[in-house]
Amino acid sequence: MGPKRKHSEINGSIDHALVAPAAFSDSYEAKLERDKCDYSRRINLDEARSGRATRKIRVYADGIYDLFHQGHARQLLQAKNVFPNVYLIVGICNDDLTHSKKGLTVMNEDERYEAVRHCRYVDEIVKDAPWSLDEEYLRKHKIDFVAHDELPYTTGSGQDVYAHIKAMGMFVSTERTEGVSTSDLIARIVKNYDEYVGRNLQRGMPREEMNVSYLNAKKFEIQEKVKELKEKGKSVIDRIDERRHGIVEKWENRSRELILNFLQLFGREGRLSSIWNEGKDRIKNALSPPGSPGGSNHEDDFRSETESPLPKRHRIFEEEQQEFSDDEDGEALKIVNGKAD
């Protein structure tokens, strides 16, 4: 919650705008405030801007204020702060005058009065305000200055309703808030008409209060059912998508695990390679003859690799060659001995 509003004393009186809604012009508080104002002492622009005024400066702003929004509030804020020590009076046109000049409003006059009187910048509300201000009206409410945006306000008549106020030196300008207006808000509602009607029907509002026919009400009901089915379908698809991502992630993890196990078993440094190398060493050791006692292990290994037994046909060939050699040696020996004899 924000800070509590405090009472402020101005010339011995309580500033009611800080503790209560703005008073209506026919209320006792408004009459008391008006009676305290010495309107015979007129305040000019230079005096008001310099802060030399000896009483509150009564600034008047008027309008329709349908669908009261931040643009309206900003305009009233500017009017309240246009001079030091401002008493802000806001005039609001009734329904009959507004409908004849600008057309149908969304809010009726009482709703518009109540919306504006709860704006904290406003000190007094004038009901049934006129479209154009005359001298009698200015004197009745003891208005010093009129606040409005600078652009001519013609409403199709071709004449600025504030032209005579400007000529009298009683006009002070405020700035419009771009991007927001009552017409813009109504356009948004019309644009999203189906959404708002369907929402209100769902909340139990009778179709008659919204001027919706029986067939249109059924159409909106079907649209809402279709919308619900779309949302349910989307949620099912989202859940399936989540499960799919989970399955893919598990499959990727399992694949990595299988690849790692394969490499551990069949890789160059894997278990199968170690078993194969150990088996080869055992076979070599089993086939190799035992080494000599004095020989080194290196020599035994070399001998076991290079001096393996010859095949059988090689052994027969060597034995025949040896017999042939022995016969040749014997014949030679005989010849030598014969010569010797």
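All chains use their own residue numbering, which begins from 1 and follows the written sequence. Under the rules for a predicted model, residues below a pLDDT of 70 receive no local features and side-chain atom pairs below 80 are neither given nor counted, while totals for whole chains, interfaces and linings still include all residues. The side-chain figures draw on all heavy atoms in the structure; neither hydrogens nor water molecules are used.

## Description of the pattern of salt bridges
Then, number 1: Salt bridges, as used here, are contacts in which a Lys or Arg side-chain nitrogen is within 4 Å of a carboxyl oxygen on Asp or Glu. Inspection of the entire model under this criterion finds 16 salt bridges.
Then, number 2: Of the charged contacts in the structure, one is a salt bridge between glutamate 47 and arginine 41, with a shortest N-O distance of 2.9 Å.
Then, number 3: Between buried and exposed lies partly exposed: a residue is buried under 20% and exposed over 50% of the maximum accessible area for its type, with that area taken using a 1.4 Å probe on protein chains only. By relative accessible area, which is 40% here, arginine 41 ends up partly exposed.
Then, number 4: Between aspartate 149 and arginine 176 there is a salt bridge, with the nearest N and O atoms lying 3.7 Å from each other. Here aspartate 149, found in strand S7 (residues 145–149), pairs with arginine 176, found in the loop between strand S8 (171–174) and helix H8 (182–191); they are 27 residues apart in sequence, far enough to count as distant.
Then, number 5: Overlapping salt bridges bring together Glu33, Lys36 and Lys56 as one network. Secondary structure elements are defined from DSSP: runs of H or I of at least 4 residues count as helices, runs of E of at least 2 residues count as strands, and each element is numbered from the N terminus.

## Describing the sheet that holds strand S6 (residues 124–126)
Then, number 1: As summarised here, the arrangement of the six strands in space is S3-S6-S5-S4-S7-S8, forming an open sheet in which the pairing is parallel. The sheet terminates laterally at strand S3 (23–24) and S8, the two strands that pair on one side only.
Then, number 2: For two strands to be treated as a pair, DSSP must find at least two bridges joining them. Relative to S6, strand S5 (residues 86–92) runs parallel, the two sharing three bridges. Within the sheet, the bridge partner assigned to glycine 91 lies in S6 and is valine 126.
Then, number 3: Every residue pair with non-hydrogen atoms within 4.5 Å of one another is taken to be in contact. The angle between two axes is taken between their N-to-C directions and runs from 0 to 180 degrees, where each axis is a line fitted to C-alpha atoms and a helix contributes only its stretch in contact. Strand contacts of helix H3 (residues 70–80): strand S4 (57–63), S5, S7 and S8, with the helix running at about 140° to S5, the strand carrying the most contacts.

## Remarks on the pairing of S7
Then, number 1: With five of its five residues buried, S7 lies for the most part within the structure.
Then, number 2: Neither face of S7 is left uncovered, since the one carrying Phe145, Ala147 and Asp149 and the one carrying Val146 and His148 both have all their residues buried.
Then, number 3: In terms of strand pairing, S4 meets S7 through three bridges, oriented parallel. Bridge assignment links alanine 61 to a residue of S7, and that residue is alanine 147.

## Looking at the packing of aromatic side chains
Then, number 1: In this scheme Phe, Tyr and Trp rings, the latter by its six-membered ring, pair at centre separations within 6.5 Å, and the angle between planes marks the pair as stacked below 30 degrees, edge-to-face above 60, and tilted otherwise. Scanning all chains against the criterion turns up seven aromatic pairs.
Then, number 2: With a centroid separation of 6.1 Å and an interplanar angle of 50°, the aromatic rings of tyrosine 162 and phenylalanine 171 are classed as tilted. Neither residue differs from the other here; tyrosine 162 and phenylalanine 171 are each classed as buried.
Then, number 3: Note on tyrosine 193 and phenylalanine 220: the rings are 6.3 Å apart at their centroids and 65° apart in plane angle, and the pair reads as edge-to-face.

## A short note on the environment of tryptophan 131
Then, number 1: Here tryptophan 131 lies in the loop between S6 and helix H6 (135–140).
Then, number 2: For tryptophan 131, a relative accessible area of 14% corresponds to the buried category.
Then, number 3: Taking the C-alpha atoms as reference, tryptophan 131 lies 8.6 Å from threonine 98; in sequence the two are 33 residues apart.
Then, number 4: Not counting chain neighbours up to four residues away, the residues in contact with tryptophan 131 comprise Ile64, Cys93, Leu97, Lys101, Lys102, Tyr153, Thr155 and Val161.

## A few points about the side chain of histidine 69
Then, number 1: Relative to the elements of secondary structure, histidine 69 occurs in the loop between S4 and H3.
Then, number 2: Identification of polar contacts relies on pairs of N or O atoms within 3.5 Å, with a donor-acceptor requirement for protein atoms, meaning one able to donate a hydrogen and the other able to accept it, and with residues adjacent in sequence counted only if both atoms are side-chain atoms. In this structure the side chain of histidine 69 is engaged in a polar contact, spanning 3.0 Å, whose partner is the backbone nitrogen of glycine 71.
Then, number 3: Sequence-distant contacts of histidine 69, that is, excluding residues within four places in its chain, are made with Val180, Ser181, Thr182 and Leu185.

## Overview of the confidence of the model for the protein
Then, number 1: The predictor's confidence in any single residue is recorded as pLDDT, a number from 0 to 100. Per-residue pLDDT for the protein averages 80, and the proportion of residues at 70 or more is 75%.
Then, number 2: The low-confidence segment residues 1–14, where pLDDT is below 50, has 16 contacts with residues more than four positions distant or belonging to other chains.
Then, number 3: Low pLDDT, under 50, characterises residues 302–307; the predicted model gives this stretch two contacts beyond four residues in sequence or across chains.

## Here's the deal with the side chain of aspartate 149
Then, number 1: On the basis of relative accessible area, aspartate 149 is assigned to the buried category, the value being 10%.
Then, number 2: Setting aside residues up to four positions removed in sequence, aspartate 149 forms contacts with Phe171, Thr174 and Arg176.

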